[in-house]
Every structure is written in structure tokens, then in C-alpha cells.
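Chain and residue survey
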Amino acid sequence: MSLFITFEGGEGCGKSTQSRMLSRRLKKLAVPSLLIHEPGITALGKKITQLLKWSKDIKISPLAELLLFNVSRVQLVTEVIKPNLEKGVIVLCDRYADSTIAYQGYGRGLDLDKVKATNALGMQGVIPNLSILLDVPAETGFARNKDKKPDRFEKENLSFHKRVREGYLKLAKAEPKHWLVIDATKTKEEIAAIIWQRVSKRLPG
Ligand code: TMP
């Protein structure tokens, strides 16, 4: 049995904490699982992440951004996600194609059909079984990250991040069975319990 679970949300939503907590819990139960992060896991993805998050002197247009995230995704799906799912490993992915819809589609304002068509190339048919949205107001996420050095996306203004949040909420509303939406202002233990309730039902035995 394989299961592909993605964690999504705006800046400071706590998805990295929650994906790590779920990964630890699965490991304790000896359930084969792998925690990965988009975009920077493969060698190519790491180079692209560096460009996308930290480049100062290189201009990157929204369309170039859309393509670069998907170049990295092609490599991640081919090299890591597909082979692990085929072996029956549960793959937990901190961000995936819905991040591109939220950030490049709603945030940057690219045409949503164009974003979805490009994502389809990147995903190569590998669609998550469950996507978890940790929903937090953009202001709250910003405040949580105030001591962190901001990358190119975190430097965007509040209205960009509000559009990203709205984008996620629209995606979740359109496919309520696929998404688990959690109020990420709850404590991390409360959030982890909600996630476990949903995920544990899908585990063998
Ligand atoms: P993170 O390490 O905070 O998740 O950094 C990834 C950043 O890249 C985050 O600000 C969201 C952004 N991003 C996109 O804009 N589009 C995408 O498709 C992905 C995967 C991430």
C-alpha cells in the first residue's frame, strides 16, 4: 500500500513541524515512510531552490518561476516520489503542486489554466491521496517568522500572502474530500492529533 500526503500552507503555518511530527510517529510504528520537501531535495532541485529563494541579482519572471518549480518537480517525482510509492513507502511531502497554484497562480497572478497545465507536466500523473492545509492568517504567519532571514517569497508584501491564503482556501473548497483543512492557530499537539486521526485510518492494520 502506498500513500502520498502533501502539507500545504502559507509562510509560518507550521507545516514543516507537522510533517516532521507525523514522520516521527510513523517511524515509531515502523511504518515505511519518507519525508521530503519541495523544491530542494534532488541535486537539481537544490540548485533551483537556491535560485528561486535567494537570488538577488538575477531577475526571475513569474512564468520563469512557474517553470523552474516544475523542472525541480519533474526531477523529484522521477528520482524520489515515484520509486518510493512503487515500493509501498508512505511519502510525506512538505509542499507540492498546490503551492504552485497558490503562489504562482493566486500570488503572482499567472493564468490558473496555464499553471495547472504546467503542474500536470511536473507531476507526471503522481497526485497526492491527501493534502493537508494548515490555514493561518497571513499576518500571523508573518509574525511567527519575524526573526527569520526572509527569502524572495517571504519578502513579498502582505497582500501577496493574503492572495496565497485565499488561493489555498479556494482549492480546498473545490475538493473538500481531498483536503484536510486545519486551523493552524491551534497548538501543535492539537494539530498533530487532527492529522493523526485522518492519516491513521488509511494505514494498514
Ligand atoms: P519553504 O522552505 O518555506 O517551504 O520555501 C519554499 C518557498 O517557495 C515558499 O515561500 C513557497 C515557495 N513556493 C512557490 O512559490 N511555489 C512552489 O511551487 C513551491 C513548491 C514553493
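As the structure is a computational prediction, the values presented were derived from the model and not from experiment. (Residues numbered from 1 in each chain as written. Predicted model: local features only at pLDDT ≥ 70, side-chain atom pairs only at ≥ 80, totals over all residues. Heavy atoms only, no water.)

**Concerning the pattern of salt bridges**
Evaluated as defined, the whole model comprises 10 salt bridges. Glutamate 65 is paired through a salt bridge with arginine 152; the nearest N and O atoms lie 2.8 Å apart. Note that glutamate 65 is positioned in helix H3 (residues 62-86) and arginine 152 in the loop between helix H6 (138-144) and helix H7 (158-174), a separation of 87 residues in sequence. Across the pair, arginine 152 and glutamate 65 agree in class, each one buried. The salt bridge partner of lysine 162 is glutamate 139, with a shortest N-O separation of 3.3 Å. With lysine 162 in helix H7 and glutamate 139 in helix H6, the pair connects residues that are 23 residues apart, well separated along the chain. The partly exposed category is assigned to glutamate 139, whose relative accessible area is 39%. What emerges from the salt-bridge pattern is a single network uniting Glu65, Arg108, Arg152 and Glu156. (Salt bridge = Lys/Arg side-chain N within 4 Å of Asp/Glu carboxyl O. Helix = DSSP H or I, 4+ residues; strand = E, 2+ residues; numbered from the N terminus. Buried < 20%, exposed > 50% of the residue type's maximum accessible area, 1.4 Å probe, protein only.)

**Describing helix H4 (residues 97-107)**
For H4, a buried count of 10 out of 11 residues is recorded, marking the element as mostly surrounded by other parts of the structure. For H4, the elements touching its buried residues are strand S1 (3-8), H3, helix H5 (112-123), strand S4 (130-135), H7 and strand S5 (179-183). Glycine 109 sits one or two residues past H4 and shows a positive phi near 85°. (Contact = heavy atoms within 4.5 Å.)

**Regarding the pairing of S4**
With 6 of 6 residues buried, S4 lies mostly within the body of the structure. Side-chain alternation along S4 places Leu130, Ile132 and Leu134 on one buried face and Ser131, Leu133 and Asp135 on a second face that is also buried. Bridge count between S1 and S4: 4 bridges; the pairing is parallel. Each residue of the ladder has a partner; that of threonine 6, found in S4, is serine 131. Across 5 bridges, S4 lies against S5 in parallel orientation. Its bridge partner being in S5, isoleucine 132 is matched across the sheet by leucine 180. (Pairing = 2+ DSSP bridges.)

**Structural notes on the sheet that holds S1**
Taken together, 5 strands build an open sheet; the order of strands is S2-S3-S1-S4-S5 and the sheet is parallel. A strand with exactly one partner marks an edge of an open sheet, and here the two such strands are strand S2 (33-37) and S5. With direction set aside, neighbouring strand axes in the sheet form an average angle of 20°. The pairing of S2 with strand S3 (residues 90-94) spans 5 bridges and is classified as parallel. Looking at the pairing, histidine 37 lines up with aspartate 94 of S3. Of the strands in this sheet, S1, S2, S3 and S4 touch helix H1 (residues 15-28), which is tilted by about 165° from S3. Across the face of the sheet, H3 comes into contact with S1, S2 and S3 while running at roughly 160° to S2. (Axes fitted to C-alpha atoms, helices over the stretch in contact; angles between N-to-C directions.)

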